[in-house]
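Now for the letters of each chain:
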Amino acid sequence: MSDRFDCKNCNESLYGRKYIQVEAEPHCIPCYDRLHAKTCQECKEIIGHNAKELFYEDRHYHENCFRCFRCDRSLADEPFTSQDGGLTCSDCYCNEFSSKCVACDKTVMPGSRMLEYDGATWHEDCFTCHGCEKPIGAEAFIPDKNNYYCVPCYEGRVAPQCSHCKKALTKGGVTYRDEVWHKECFLCSGCKAPLAGQSFTSQGESPFCVKCFSSLYAKKCSGCNTAITGFGDGKYISFEERQWHQPCFKCSRCSVSLVGSGFFPDRDHILCTDCNNDD
């Protein structure tokens, strides 16, 4: 008597019948379709053993159900993408979701080389310098109003020129008397120390650091004999040919402040009313 060859599930004989093995176990066709065949993601029907099956991201489809959910085009031999759980052909995806190049107004196809800046999109070849009109590509560029420049064109055509070295100013500098300087070019006219970020003043058209201005041009306080520069507590008192820092303007005898009060000159001294009356 020959060995039995039965379906693993229903135990019916498989002699003379088609069968499919699942993990080395034979199954008759009805049992295989019922127990192991996949369900189509689109139509929710069983994908039978004799149907061509397509799958994408753990989802299974009949070949005829593998279609763009917008235009119903078959995607079996077409490029596609997934959008909100549905399959979309490249044309539908581009028409609805892809950006348009602001230069040529054509769709920027998925996977193509492009550039995005400030909320706008360009084909890589369409992003060109406003000066030389050459594609900027992945090179550095500088925006100016609504135009974009490669670095050489910006420096040569648009960028302001440093008043000292006459070279292009492409990043933060110093503005003084409606002219611009590189930070490293804006120097004290006396000692040549950099003035960017420092307190400075001017004499005529020339900038000076506090130290140079004090030694060369500032008036001397008649009280402390140091320079009156206008920096810090810059208020001062002037009387005839003499000047005082406001805190230094006080009675020569009792040292009471004379700011806002009457005073009396006494040769090289100034006196408050009380000290003057004592005389």
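These numbers come from a predicted model, not from an experiment.

The next thing to look at is the overall build of the protein chain. The secondary structure content of the protein chain amounts to 5 helices and 20 strands. For 279 residues, the compact-globule estimate of 2.2 N^0.38 gives 19 Å, and the protein chain exceeds it by more than 25% at 44 Å. Taken over the C-alpha atoms alone, the protein chain extends approximately 150 × 50 × 35 Å along its principal axes. Of all 279 residues assigned to the protein chain, the portion counted as buried reaches 30%. Taking the contacts inside the protein chain whose residues are at least 6 apart along the sequence as the reference set, 12% of them involve residues at least 24 apart. Just so you have it, the protein chain exposes about 18,600 Å², and 45% of that area is on carbon and sulfur atoms. For the protein chain, the distance from the average position of its 32 positive side-chain charges to the average position of its 39 negative side-chain charges is 6 Å.

The next thing to look at is the nonpolar core. What tends to happen in soluble globular proteins is that the nonpolar side chains get buried as a cluster. Of all hydrophobic cores here, the largest spans 15 residues; its most connected members are Trp-122, Phe-127 and Cys-129. Mapped onto this core, the elements with two or more residues apiece are strand 8 (120-123), strand 10 (147-150) and helix 3 (151-158). Among the elements that line this core, the one with the most residues is strand 10, at 3 residues. In this structure Cys-129 touches Lys-134, Ile-136, Tyr-148, Tyr-149, Cys-150 and Cys-153, once residues within four positions along its chain are discounted. Formed by 14 residues, the second largest nonpolar core is a distinct cluster that contains Trp-181, Cys-212, Phe-213 and Ala-227.

In summary, the side chains of a regular strand alternate between the two faces of the sheet. Pairing geometry for strand 11 (residues 173-176) and strand 12 (residues 179-182), over 4 bridges, is antiparallel. Across the sheet, the residue bridging to Gly-173 is His-182, located in strand 12. A loop of 2 residues connects strand 11 with strand 12, the two strands running antiparallel in sequence, and Arg-177 in this loop sits at a positive phi of about 50°.

What follows deals with the pattern of salt bridges. Across all of its chains, the model carries 7 salt bridges by this definition. A salt bridge links Arg-59 to Glu-57; the shortest N-O distance between them is 3.5 Å. For Arg-59, a relative accessible area of 14% puts it in the buried group. With its nearest N and O atoms 3.7 Å apart, the salt bridge here joins Arg-267 to Asp-266.

Per the domain assignment, the segments of the protein chain are domain 1 (37-91), domain 2 (95-158) and domain 3 (219-278). A C-alpha centroid distance of 66 Å is found between domain 2 and domain 3.

Turning our attention to unusual backbone geometry. The backbone of Asp-105 sits at a positive phi, close to 65°, despite the residue not being glycine. Within the secondary structure, Asp-105 is located in the loop between helix 2 (90-97) and strand 7 (114-117).

Turning our attention to the environment of Ala-138. Looking at the secondary structure, you find Ala-138 in the loop between strand 8 and strand 9 (141-144). Accessibility expressed as a relative area gives 75% for Ala-138, which makes it exposed. Sequence spacing of Ala-138 and Phe-127 is 11 residues, and the spatial spacing of their C-alpha atoms is 9.8 Å.

Before going further, it helps to examine the side chain of His-27. Counting through the fold element by element, His-27 comes out in strand 2 (residues 25-28). Residue classification places His-27 among the buried positions, given a relative accessible area of 7%. Among the polar contacts listed, one links the side chain of His-27 to the backbone oxygen of Glu-25, at a separation of 3.0 Å. Apart from residues no more than four positions distant in its own chain, His-27 is found in contact with Cys-7, Lys-8, Asn-9, Leu-14, Tyr-19, Ile-20, Val-22, Tyr-32 and His-36.

With 4 bridges connecting them, strand 9 and strand 10 associate as antiparallel partners. Bridge pairing in strand 10 links Ile-142 to Tyr-149. The antiparallel hairpin formed by strand 9 and strand 10 contains 2 residues in its connecting segment, where Lys-145 sits at a positive phi of about 60°.

What follows concerns the side chain of His-60. Its location among the elements puts His-60 in strand 4 (residues 59-62). Of note is the side chain of His-60, whose polar atom sits 2.4 Å from the side chain of Glu-53. Filtering out sequence-adjacent residues up to four positions away, His-60 remains in contact with Lys-38, Thr-39, Cys-40, Gln-41, Ile-47, Glu-53, Leu-54 and Phe-55.

Counted by the stated rule, this structure contains 21 aromatic pairs. Consider the rings of Trp-122 and Phe-127, whose centres lie 4.8 Å apart with planes at 65°: the pair is edge-to-face. On the basis of an interplanar angle of 75° and a centroid distance of 5.2 Å, the ring pair of Phe-186 and Phe-200 is categorised as edge-to-face. Pair noted here: Phe-186 is in the loop between strand 12 and strand 13 (200-203) and Phe-200 is in strand 13, with a separation of 14 residues, a long-range link. Linked through ring pairs, Tyr-117, Trp-122, Phe-127, Phe-141 and Tyr-148 together constitute an aromatic cluster.

Cut-offs used in this document
Residues numbered from 1 in each chain as written. Predicted model: local features only at pLDDT ≥ 70, side-chain atom pairs only at ≥ 80, totals over all residues. Heavy atoms only, no water. Helix = DSSP H or I, 4+ residues; strand = E, 2+ residues; numbered from the N terminus. Rg over C-alpha atoms; globule rule 2.2 N^0.38 Å. Buried < 20%, exposed > 50% of the residue type's maximum accessible area, 1.4 Å probe, protein only. Contact = heavy atoms within 4.5 Å. Areas by Shrake-Rupley, 256 points an atom, 1.4 Å probe, with all protein chains shown as cover. Lys, Arg positive; Asp, Glu negative; His and termini not counted. Charge placed at Lys NZ, Arg CZ, Asp CG, Glu CD. Core = buried A, V, L, I, M, F, W, Y, C linked by side-chain atoms within 4.5 Å. Pairing = 2+ DSSP bridges. Salt bridge = Lys/Arg side-chain N within 4 Å of Asp/Glu carboxyl O. Domains from an automatic or database assignment. Polar contact = N/O pair within 3.5 Å; in protein donor to acceptor, adjacent residues only side chain to side chain. Phe/Tyr/Trp six-rings, centres within 6.5 Å; stacked < 30°, edge-to-face > 60°.

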